[in-house]
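Summary of the model geometry
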Amino acid sequence: MYIYDQFDRTFLQQRVAEFSDQVERRLAGQLTEDEFKVLRLMNGVYLQLHAYMLRICIPYGTLSSAQLRMLAHVARTYDRNYGHFTTRQNIQYNWIALKDLPSAMADLATVGIHGIQTSGNCIRNTTTDHRAGAVAGEVDDPRVWAEIIRQWSTNHPEFTYLPRKFKIAVSAAEEDRAAVLVHDIGLRLLDDGNGRAVFRVMVGGGLGRTPFVGKVIRENLAPEHLLSYLEAILRVYNAEGRRDNIYKARIKILVHELGAEEFSRRVEAEWESIRDGYLKLDEVAISDIRSRFRYPDFEALQDAPSELVAALMNPAFARWHENSVGRHKVPGYAIVTLSLKPVGGPPGDATAEQMDAIADLADRYGFGEIRVAHEQNLCLPHVRQKDLPELWRELDAIGVATPNVDFITDIISCPGLDYCALANARSIPLAEALTERFADLDRAKNIGRLHVNISGCINACGHHHIGHIGILGVEKNGQEFYQLTLGGKADENAALGQLLGPAVPYDGVVDVIERVVDTYLDLRQGEDEIFVDAVKRLGVAPFKERAYVAD
Amino acid sequence: MVAPQQQKLRVTGPVAITGNSLAEGIVVWRTADGTWSRRMSDAAVVSTSEEALALLQMAEKDGINAVGCYVAHVATDSQGRAKPLNLRERIRTEGPTVALPGQV
């Protein structure tokens, strides 16, 4: 957990006071909507179909139990008793009233939480792997660097009015679980071969209308230069990014139009003049931030304690353990994923009661720490293996122990037309129907790792381009249709999905997906070849052939 | 996706002006006497783009009461009152088509 200091607390109090005043003046008619809109966006307040939507920032997906309890309080007091966790590790409330915002934000500020820069043309939440600091094989805890980026990017005076939104992600493990290759800037912290940590810098990744995989522009950036280098990239983008067309305004368009080489040259030129200035990070600054991250006092424990071994005789526990529990870098500990993907329920939501219960469980079993995964699940990153049986019973009782993590029913979905003013089609009921068709746990396990991503419009908030199966909602003659893609990947070998065939009407989607899955089961080279690898080997054609044949 | 407010106005049938109330964000409909109602059936219905634009401009001036105003195509009942024509307006009128978490 990062411990904020007085500077952060004061800043937040001042921001809450400022925004509260802006809300009061808007409600009194002293500010027009045009004047107010850009201000409310900077605090994460959108207008959606039914109400305002408040997007709260969860820096690098890390929460304390006190913070999670406050999120529950806001859901209960100002919303309809639940919140939605997003693909950028944030939380959204769908039913907020503008007049309640000053009060809600004051409450959130008491535990250091806010909606600053979760919207608008500025640098958004820097995201990372939800297992950061717990999983083995990391060069360093990427959250330290995400915090450094957070401090630099918050209220940055030069980058408050960028051509468009800007998203940064950082990871430090061999397996990238932060989707860095589809971010405006993606950072991978790697060992340079001599035991030194360096950043590989990618730019111009992104999804939406024109998806791109990011391009490497610098292979080995010394960490002390991280901020000056990011500043150089943002300066080039701020100056040269397009402002004439909202659909061509992201940095990915600039990188594509200039080419990675020319873009890199301009960044290096800008960087030369600032690299040794005030943004150069010295050891003292880095150590100070690192020291504000508190890690658990781990006991000296053994793997596979007797309590765990005995409990594995219970088939239901064993199934959950195999699915939802991951290896921790410290012996005797484990990383636990809490599935927010109940069969027949909306993906990625938690009720206020669930949030409170999870906060309590985090205190009892997890050193008071919770993570938000961009796959829209939650995670307790530091749990003693001997506590897993008891924890499982309690997670199961509150409905967050469905053993479907990374399976076909672990669907990533945007809110879609049920909530969002931008959507063409609904996504949530489709996700629910899919979870019902594949509800059988043995069947889901047999199918294996399969990421389904659903977006209700081309803005791709469900990240459909990088889904193993991607689903994009479109509108044709007033009807909901869905374009399906196969073979997208979100990891260090990121790839965009390929179109399967003609768009499918709402009523046909689940059947088509079932036929695609059956094709995979018939053609795979054994259980070890997961769906996305089979698609890569076979191409889309054999799936297309069978997907569209009616029974 | 382009939000309705940003699309070019093409009136192909009955339309009404809708938005969200400033303080709560609740869906509201512009009435013939220049107020806002939460009931879609109270909406003023017109059928030409000139009338629609005029109504929209009046509505937008009323920023103290409603925001995010746009022209929505509607269906009408036997008495000419507005009712939802498409899925989007049906959802705005009736709420999400899915149960909220924790609801049965």
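Residues numbered from 1 in each chain as written. Chains lettered and ligands numbered in written order. Predicted model: local features only at pLDDT ≥ 70, side-chain atom pairs only at ≥ 80, totals over all residues. Heavy atoms only, no water.

Naming follows an unreviewed UniProt entry, where chain B appears as DUF2849 domain-containing protein of Agaricicola taiwanensis.

By the naming in an unreviewed UniProt entry, chain A is Ferredoxin--nitrite reductase, taken from Agaricicola taiwanensis.

Some points on the overall build of chain B
We apply this condition: A run of H or I in DSSP becomes a helix once it reaches four residues, and a run of E becomes a strand once it reaches two; helices and strands are each numbered from the N terminus. Radius of gyration means the value over C-alpha atoms here, while the globule rule gives 2.2 Å times the residue count to the 0.38 power. Partly exposed residues are those whose accessible area sits between 20% and 50% of the maximum for their type, while under 20% is buried and over 50% is exposed, using a 1.4 Å probe and protein chains only. Between two residues, a contact is recorded if the distance between any of their heavy atoms is within 4.5 Å.
Across its full length, chain B carries two helices and five strands. Put simply, chain B runs from its N terminus to its C terminus through helices and strands in the order β-β-β-α-β-β-α. Relative to the compact-globule value of 13 Å for 104 residues, chain B shows a C-alpha radius of gyration of 14 Å, a close match. For the C-alpha atoms alone, the extent of chain B along its principal axes is close to 45 × 35 × 30 Å. Taking all 104 residues of chain B together, 48% fall into the buried category. Contacts in chain B between residues far apart in sequence, at least 24 positions, make up 57% of those at least 6 positions apart.

A short note on the overall build of chain A
Quick reminder of the rule: Residue exposure ignores everything except the shown protein chains as possible cover, and the areas themselves are Shrake-Rupley values with a 1.4 Å probe. In this tally, Lys and Arg are treated as positive and Asp and Glu as negative; His is ignored, and so are the chain termini. By convention, charge coordinates are those of NZ in Lys, CZ in Arg, CG in Asp, or CD in Glu.
Looking only at helices and strands, chain A features 18 helices and 21 strands. Computed over its C-alpha atoms, the radius of gyration of chain A comes to 23 Å, within 12% of the 24 Å expected for a compact globule of 551 residues. Each principal axis of the C-alpha distribution contributes one length, and for chain A these read about 60 × 60 × 55 Å. The buried share among the 551 residues of chain A stands at 62%. Within chain A, counting contacts between residues at least 6 apart in sequence, those at least 24 apart form 68% of the total. For chain A, the computed accessible surface area is about 20,700 Å², with 49% contributed by carbon and sulfur atoms. In chain A, 61 side chains carry a positive charge and 76 a negative one; their mean positions are 3 Å apart.

Concerning the domain arrangement of chain A
How big an interface is tends to be reported as the loss of accessible area on association of its parts. Residues and elements named next belong to chain A. We count it as follows: How far each domain reaches was decided by an automatic or database domain assignment. By buried area we mean how much accessible surface two parts lose on assembly, using a 1.4 Å probe and totalling the loss over both. What makes a salt bridge here is a side-chain nitrogen of Lys or Arg within 4 Å of a carboxyl oxygen of Asp or Glu, nothing more.
Along its sequence, chain A is carved into domain 1 (6-109), domain 2 (134-291), domain 3 (306-397) and domain 4 (412-547). Taking the mean C-alpha position of each, domain 1 and domain 2 sit 27 Å from one another. Summed over both partners, the interface of domain 1 with domain 2 comes to about 810 Å²; 57% of that surface belongs to carbon and sulfur atoms. Taken together, the connections running from domain 1 to domain 2 amount to one salt bridge. Residue Asp8 pairs with Arg150 through a salt bridge whose shortest N-O separation is 3.3 Å.

Thoughts on the packing of helix 7 (residues 251-258) of chain A against helix 8 (residues 260-274) of chain A
Residue and element names in this part refer to chain A. The criterion, for reference: Structural elements are reduced to axes, namely lines fitted to C-alpha atoms, with helices fitted over the stretch in contact, and the angle between N-to-C directions of any two is expressed from 0 to 180 degrees. Note on terminology: angles under 35 degrees are roughly parallel, angles over 145 are roughly antiparallel, angles of 65 to 115 are roughly perpendicular, and the others are oblique.
Orientation of helix 7 relative to helix 8, taken along the N-to-C sense of each, is 110°, at an axis distance of 6 Å. Viewed along their axes, helix 7 and helix 8 adopt a mutual orientation that is roughly perpendicular. Contact with helix 7, carried on its side by Ile251, Leu254, Val255 and Leu258, involves Ala260, Glu262, Phe263 and Arg266 of helix 8 and no other residues of that element.

Side note on the pairing of strand 7 (residues 168-171) of chain A
All names here are of chain A. Keep this limit in mind: If DSSP finds at least two bridges between two strands, the strands pair. Here a crossover is taken to be right-handed if, once the strands point away from the viewer, the path from the first strand over the helix to the second is traced clockwise.
Burial along strand 7 is two-sided: the face carrying Ile168 and Val170 and the face carrying Ala169 and Ser171 are both buried. Two elements, strand 6 (residues 127-128) and strand 7, share two bridges in a ladder whose sense is parallel. By the bridge assignment, Thr127 is partnered in strand 7 with Ala169. In this fold, strand 6 hands off to helix 5 (residues 142-153), which returns the chain to strand 7; that crossover is left-handed. In the sheet, strand 7 pairs with strand 8 (residues 185-191) via four bridges, with the strands oriented parallel.

What about the nonpolar core?
Residues and elements named next belong to chain A. To keep it simple, the criterion reads: Among buried residues, those of type Ala, Val, Leu, Ile, Met, Phe, Trp, Tyr and Cys that are joined through side-chain atoms within 4.5 Å constitute a nonpolar core.
Core analysis: the biggest nonpolar cluster contains 62 residues, and Leu71, Tyr93, Trp320, Val336, Leu388 and Leu395 have the highest contact counts within it. There are two domains that each give this core at least three residues, and those are domain 1 (6-109) and domain 3 (306-397). Val336 has contacts with Trp320, Ser324, Val325, Leu378, Cys379, Leu380, Val383, Leu388, Leu391 and Leu395, leaving out every residue within four places of it along the chain.

Regarding the interface of chain A and chain B
Definition in use: Each polar contact in these results corresponds to two N or O atoms within 3.5 Å; when the atoms are within protein, one needs to be able to donate a hydrogen and the other to accept it, and residues that are neighboring in sequence are counted only if both atoms are side-chain atoms. When residue character is reported, Ala, Val, Leu, Ile, Met, Phe, Trp, Tyr, Cys and Pro are called nonpolar, Asp, Glu, Lys and Arg charged, and the others, Gly included, polar.
Every contact between the two is made by 38 residues of chain A and, on the other side, 28 residues of chain B. Together chain A and chain B conceal approximately 2,500 Å² of surface at their shared face, both sides included; 64% is due to carbon and sulfur atoms. The interface formed by chain A and chain B includes zero salt bridges. On the surface where chain A and chain B come into contact, there are eight residue pairs in polar contact (both at pLDDT 80 or more). Looking at side-chain class alone, the side of chain A that touches chain B contains 22 nonpolar, six polar and ten charged residues.

Describing the sheet that holds strand 4 (residues 82-85) of chain A
Residues and elements named next belong to chain A. Taking strand neighbours across the sheet as the criterion, the five strands line up as 1-2-5-4-13 in an open arrangement whose pairing is antiparallel. Pairing within the sheet leaves two strands with one partner each, and these edge strands are strand 1 (45-47) and strand 13 (349-351). Averaged over neighbouring strand pairs, the angle between their axes works out to 30° when direction is ignored. Relative to strand 13, helix 12 (residues 352-365) is tilted by about 85°, and along the sheet it contacts strand 4, strand 5 (91-96) and strand 13.

A word on the side chain of Arg131 of chain A
The topology assignment puts Arg131 of chain A in the loop between strand 6 and helix 5. Classification of Arg131 of chain A as buried rests on a relative accessible area of 15%.

Some remarks on the sheet that holds strand 9 (residues 197-203) of chain A
All names here are of chain A. The five strands lie next to each other as 6-7-8-9-10, forming an open sheet whose pairing is mixed. Looking at strand neighbours, the two that pair on one side only are strand 6 and strand 10 (215-221), the edges of this open sheet. Note: strand 9 against strand 10, four bridges, orientation antiparallel. By the bridge assignment for strand 10, Met202 is matched with Val216.

Describing the UniProt feature "domain: Nitrite/sulphite reductase 4Fe-4S" (unreviewed entry) in chain A
Residue and element names in this part refer to chain A. Put simply, the rule reads: UniProt positions are given in the numbering used here, feature names are shortened, and annotations may be inferred rather than shown by experiment.
The positions that UniProt labels "domain: Nitrite/sulphite reductase 4Fe-4S" (unreviewed entry) are, in the present scheme, residues 119-272 and 406-546. Each end of residues 119-272 is marked by a C-alpha atom, and these two atoms are 31 Å apart; helix forms 31% of the span and strand 18%. Taken end to end, residues 406-546 is 33% helix and 18% strand, and its first and last C-alpha atoms sit 25 Å apart.

A few points about the packing of helix 12 of chain A against helix 13 (residues 388-397) of chain A
Residues and elements named next belong to chain A. Closest axis-to-axis distance for the helix 12/helix 13 pair is 11 Å, and the angle between their directions is 175°. Between helix 12 and helix 13, the interaxial angle falls into the category roughly antiparallel. The residues of helix 13 that touch helix 12, namely those facing Leu361, Arg364 and Tyr365, are Glu390, Leu391, Glu394 and Leu395. Grouping the constituent residues of the contact of helix 12 with helix 13 by class yields four nonpolar, no polar and three charged.

Things to note about the pattern of salt bridges
Residue and element names in this part refer to chain A. On inspection of all chains with the given rule, the structure shows 51 salt bridges over all chains. Linking Arg76 and Asp356 is a salt bridge whose minimum nitrogen-to-oxygen distance equals 2.5 Å. With Arg76 in helix 3 (residues 65-78) and Asp356 in helix 12, this residue pair connects regions lying 280 residues apart in the sequence. Judged by relative accessible area, Asp356 falls into the partly exposed class, the value being 21%.

A closer look at the packing of aromatic side chains
All names here are of chain A. Which entries qualify depends on this criterion: Two aromatic rings, drawn from Phe, Tyr or Trp (for Trp, its six-membered ring), form a pair once their centres lie within 6.5 Å of each other, and the interplanar angle then sorts them: stacked below 30 degrees, edge-to-face above 60, tilted otherwise.
Counting across every chain of the model gives 17 aromatic pairs over all chains. Measuring from centroid to centroid gives 5.5 Å for Phe317 and Trp392, while their planes differ by 65°, and the two rings are edge-to-face. Of this pair, Phe317 sits in helix 11 (residues 315-324) while Trp392 is found in helix 13, placing the two residues 75 residues apart along the sequence. Both residues of the pair, Phe317 and Trp392, count as buried. Summarising the aromatic geometry, the rings of Tyr520 and Phe531 are spaced 5.5 Å apart at their centres and angled 75° between planes, so their arrangement reads as edge-to-face. Here Tyr520 is found in helix 16 (residues 509-523), whereas its partner Phe531 is found in helix 17 (residues 531-538), with eleven residues between them in sequence. Residue classification places Tyr520 among the buried residues on the basis of a relative accessible area of 1%.

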